[in-house]
Amino acid sequence: MALSTFSPSSRNRFVAVATALLLGAASLSIPSSAQAATLFKVATSAAVTTWDPIQSFSTEAFYMTNIYEPLLWKNPDAAADDYSPALATSWNSSKDGKTWTFKLRAGATFHDGTPVNAAAVKASIESSKAVGGAGFIWDPLKTIDTPSADTVVFNLSYPAPLDLIASSTYGAYIISPAALAAVAKDAKYYDSGKDGGSGPYTISSYKAGSSVVLTAYAKHWADVKPAYSTIDISITPDGITAQQMMTSGQVDWATNIPLTSVKSFRTNNKYKVAVYKSPFNYVGYFNTLRAPLNNPVVRQALSYAINYRDIVKVGGQGYATQARGPVPAGIYPFDKNIPQYSRQLAKAKSLLASAGVKNLKLKITYASENSAEARFVPLIKDAFESIGVSADVQGILFNQQWAAAKKDPANAQDLFIVKYWPTYSDAGVDNLWSLFHSSTKPFFNLSYWKNATYDKLIDDAITLSGSDKAGAQKLYSQAMNILFTEAPGLYLYDESQVSVLPKKFIIPSYNINYPFSAFFAGVKLAS
Amino acid sequence: MRILWKRLSSALLVLIGASFITFTLARVIPSDPALAYIGPKATAADAERLRVTLGLDQPIPIQYFKYLGQTFHGNWGYSLSTKQSVLKEITDRLPATLELIFFAIGFAIIFGVTLGVLAAKYRGRFQDSLIRIISIAGVSMPAFWFGLLLQLLFAGRLGWFPATGEFDIEVKYDNPIHKVTGFPILDSLITGNFSAATNGLHHMVLPALTLSAYSFGLLSRMARANMLEVLSQDHIKVSRAYGLSERIIFFKLALRNALPPIVTVTGLSIAYLITGTFFVEQVYNWPGIGSFAVNSLISIDYPAIMGITLLAAIGYLVTNFIVDLIQAKLDPRVGMR
């Protein structure tokens, strides 16, 4: 062989050098951390749409509930009390439910050092109501009086459960007057990660789309200070990557473990898997403007074709239950007596035949970024095909799906799959109203369904819920029965919240009333 | 000078063309940028107000010309999802991506060309087959899949390398990096922060290997083919007849002559790596342009998409220009035509 300049010894040298480089890199020590005792590292998919607590209406609630405080926190169902005091320590309502008085906590301050007082509460809630977005929760509010620095009186135009409204995830935070003034002057005030809260943590660093660092607020009113003074949060949209970060020890906790990976954690003794009820509910809107879907019999037929058991199994990976309408189990005004559709192919075919429908072809849209929808929507197509209805499935980004549905309802999709959750823990005011109450211009009622009886029941129930919750429940239940009979939507499943928790830490339980939130002040080392 | 002027004008046309196509596509797909900005549960009135503020109520051609004018004045708009200036987002994230590309192309050149030359030397033997298998695997394996495999093996099973990120989170508290050039590993070295530098290099290994896989395979096959072609040429035979040593023939004569096409492919590879980072940064949670691009695409953040497209187009043009200069230097027959 002519080309013999590479001797075996030089080859061995090359292998040795390469191995040394690889092992050298592998043995690089990770620096020991002086912060280790006070630093808690988290990976989450929670994006920040806005840092403005009034505009906030999305996944940034994950951070917001640590930075801002409402007047009250709503406890999970199992708790002894319905509410925990936050910035208000006591509260009461008049007999007619139209006047609510809140006594504020003494010594609470905002992160800028100014006191939390009645004027700040009034300014915050009036701003929230004026701005829109989640401000609709304050619809019953007429005026706010501040008879003293620590007393706030809410005067309502109709009775409403103001304790529930004041504990909302969105639109109910109390904000520093300085921050309110700053954002009035400069709409981009919050964009760099400034805050005007009074919560146990304040934002100390924010890299958009990449990381958030929260630091404990030393002057927070709580007697027990957070065990971790620094919470370093890596924004990690991909669940598998977050999982790798947690199992390799790069972060202490990952909040977005994919459902498909949960099984592997059940057999790992370093972690425990906790399953809770969540406010997330999957619905499919039928386009009731178009024939033959404008016929309730056809919608019923399609509802009877669905294999709900398989959809729960595939979409929710078993961590779900078949829905009873658009109100998720665990959220008011859920009613376990509302009937459910089940797969009855013969009945479905017979209903379809009675409506004279043949060769029906439907267009189904779903949000492609939602992996659960991507898993279960093909089962809807299969179910429809089993009764002779063909379907064209389109997975598109939610923004596109929604924009197309609102633009031209008469020529839009036939079935729109959506994951929905209430703004605060009242699915009567939100889910039942937003999803199916008639409106002149479609916003979230994308079945475009109009039913005067249903509208009246919902409107009456909303007005009654502040003074007679049981009476309101009856009206809501009647309305939900109409939704079952008229079937403007497919009621698919209520998703469970599955948390994979490292046993090394004690992490506060999931609270269904704050579905995107993690309360870091309660995180502790287990031993 | 005339050639340079000509190249610059054609580059400008390419940039305008790329911006026009991206702008039009971003606007004709059914989506609502205003709702992407304020969130899906905002009221219709809020969304309408924002549409006017962002100029989305104006005809598309007017929006485009406004965008073009602002871009030339350094205003690349504001990202709908992060609410930050697109130019700032890009300049903040670019150093992390460029460092990743630097190490990836470094891996690809060193190992790709070396193995390609070795394959030529051992043509038809076991070593040649082994290198062929590795090279083809590099070219054909999707980056996101290869990245996940490396993560599972070297981070998950063996624990040799960190699974994700540019540095350990502790680095920013224990050994914070002081900004000099903006390139984090380089800055750690310049400022003598060797703990951060070694940690950064440790984090770099898996993403750089993943990103380099395609270029490595390509360069390896290219180097082998070119070396074999050059080695079969008459002037090599004559050199052998004159008794020149194999080392001189191999490295001084053959490799030098085989280099120009390899330089071209390297240039194209760098351009490929710019878009290759989209997948790799997502898998490794790398805080660079690639992950920003993916998140922008998912949220239909059209100002960010426009900015990234322009950046990628500029990257391609600059890389190709530099490759042309190097080629002209290596091979005088290749002029700046």
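Bear in mind that the values here come from a model prediction, so they are computed numbers and not experimental data.

About the thresholds
In this convention, every chain numbers its residues from 1, walking through the sequence in written order. The order in which chains are written sets their letters, starting at A; the order in which ligands are written sets their numbers, starting at 1. Local features are withheld for residues below a pLDDT of 70 in this predicted model, meaning they are given only at 70 or higher, and side-chain atom pairs are given and counted only at 80 or more; totals for whole chains, interfaces and linings count all residues. The side-chain figures draw on all heavy atoms in the structure; neither hydrogens nor water molecules are used. The helix count covers DSSP runs of H or I at least four residues long, the strand count covers runs of E at least two residues long, and both are numbered beginning at the N terminus. Only protein chains enter the calculation, and the probe is 1.4 Å; a residue is then buried if its accessible area is under 20% of its type maximum, exposed if over 50%, and partly exposed in between. Contact between two residues is taken to exist if any of their heavy atoms lie within 4.5 Å; hydrogens are not considered. His is not counted, nor are the chain ends, whereas Lys and Arg count as positive and Asp and Glu as negative. Charged side chains are reduced to one point each, which is NZ for Lys, CZ for Arg, CG for Asp and CD for Glu. By convention, a stacked pair of Phe, Tyr or Trp rings (six-membered ring in the case of Trp) has centres within 6.5 Å and planes under 30 degrees apart, an edge-to-face pair has planes over 60 apart, and any other such pair is tilted. Only when the NZ of Lys or the CZ of Arg is both within 6 Å of the ring centre and within 35 degrees of the ring normal is a charge said to sit over the ring. For the purposes of these results, a polar contact is taken to be a pair of N or O atoms within 3.5 Å, where, inside protein, one atom must be able to donate a hydrogen and its partner to accept one; residues adjacent in sequence count only when each atom of the pair is a side-chain atom. In this scheme, strands are said to pair when DSSP sees at least two bridges between them. As annotated, the domain borders come from an automatic or database domain assignment. Values labelled buried area give the accessible surface lost by two parts on being combined, using a 1.4 Å probe and summing over both. Under the scheme applied here, ten amino acids are nonpolar (Ala, Val, Leu, Ile, Met, Phe, Trp, Tyr, Cys and Pro), four are charged (Asp, Glu, Lys and Arg), and all others, including Gly, are polar. Per-residue confidence from the predictor is reported as pLDDT, a score between 0 and 100.

A. A look at the overall build of chain B. Within chain B, the secondary structure is distributed over 14 helices and zero strands. Secondary structure of chain B in N-to-C order comes out as α-α-α-α-α-α-α-α-α-α-α-α-α-α. Expressed as lengths along the three principal axes of its C-alpha atoms, the size of chain B is roughly 85 × 55 × 40 Å. Taken over 337 residues, chain B has a buried fraction of 50%. Of the contacts formed within chain B by residues at least 6 apart in sequence, a portion of 71% connects residues at least 24 apart. Positive and negative charge centroids in chain B, built from 28 and 20 side chains respectively, lie 11 Å apart.

B. Layout of the packing of aromatic side chains. Residues and elements named next belong to chain A. Per the stated rule, a full pass over the model turns up 49 aromatic pairs over all chains. Pairwise contacts between aromatic rings join Tyr285, Phe398, Trp402, Phe416, Tyr420, Phe436, Phe443, Phe444, Trp449, Tyr454 and Tyr491 into one cluster. Lying over the aromatic face of Trp402, Lys406 brings its terminal NZ or CZ to 3.8 Å of the ring centre. Over the ring of Phe280 we find Lys419, and its NZ or CZ is 4.5 Å from the ring centre.

C. Quick peek at the side chain of His202(B). By the secondary structure assignment, His202(B) is in helix H10 (residues 194-231). Polar side-chain contacts of His202(B) include one of 2.8 Å to the backbone oxygen of Trp160(B).

D. Structural view of unusual backbone geometry. All names here are of chain A. The omega torsion of the bond from Ala291 to Pro292 falls at 0°, within 30 degrees of zero and hence cis. Mapped onto the elements of the fold, Pro292 is located in the loop between strand S12 (271-286) and helix H8 (296-305). Cis peptide bonds are those with omega within 30 degrees of zero, and the linkage from Tyr332 to Pro333 qualifies with 0°. The phi dihedral of Gln317 is positive, around 50°, even though this residue is not glycine. Position of Gln317 relative to the elements: it lies in the loop between helix H9 (308-315) and strand S13 (320-322). The exposure class assigned to Gln317 is partly exposed, which follows from its relative accessible area of 30%.

E. Fine view of the sheet that holds strand S11 (residues 253-254) of chain A. All names here are of chain A. Taken in spatial order, the five strands of this open sheet run S8-S9-S10-S1-S11, and their pairing is mixed. Looking at strand neighbours, the two that pair on one side only are strand S8 (201-207) and S11, the edges of this open sheet. One ladder, built from five bridges, connects strand S9 (residues 211-216) with strand S10 (residues 230-235); its direction is antiparallel. Pairing of Val213 across the sheet is with Asp232, part of S10.

F. The arrangement of the domain arrangement of chain A in detail. Residues and elements named next belong to chain A. Per the domain assignment, the segments making up chain A are domain 1 (37-48 + 182-261 + 498-525), domain 2 (67-178) and domain 3 (277-496). Taking the mean C-alpha position of each, domain 2 and domain 3 sit 33 Å from one another. Between domain 2 and domain 3, the residue contacts involve 15 residues of the former and 13 residues of the latter. In this assembly, domain 2 packs against domain 3 so that about 1,100 Å² is buried in total across both faces, 68% of it on carbon and sulfur atoms. Area buried by domain 2 at its contact with domain 3 is led by Phe136, Pro159 and Leu164, which between them contribute 38% of it. Here domain 2 is connected to domain 3 by zero residue pairs in polar contact (both at pLDDT 80 or more). Class assignment for the residues of the side of domain 2 that touches domain 3 results in 10 nonpolar, three polar and two charged.

G. Expanded view of the confidence of the model for chain A. Model confidence for chain A is summarised by a mean pLDDT of 90, while 93% of its residues fall at 70 or above. Within the model, the stretch residues 1-34 of chain A combines pLDDT values under 50 with 41 contacts to residues more than four positions away or in other chains.

H. Molecular detail of the pairing of S9(A). Residues and elements named next belong to chain A. One ladder, built from six bridges, connects S8 with S9; its direction is antiparallel. Looking at the pairing, Lys207 lines up with Ser211 of S9. Connecting the antiparallel pair S8 and S9 is a turn made up of three residues, with Gly209 showing a positive phi of about 70°.

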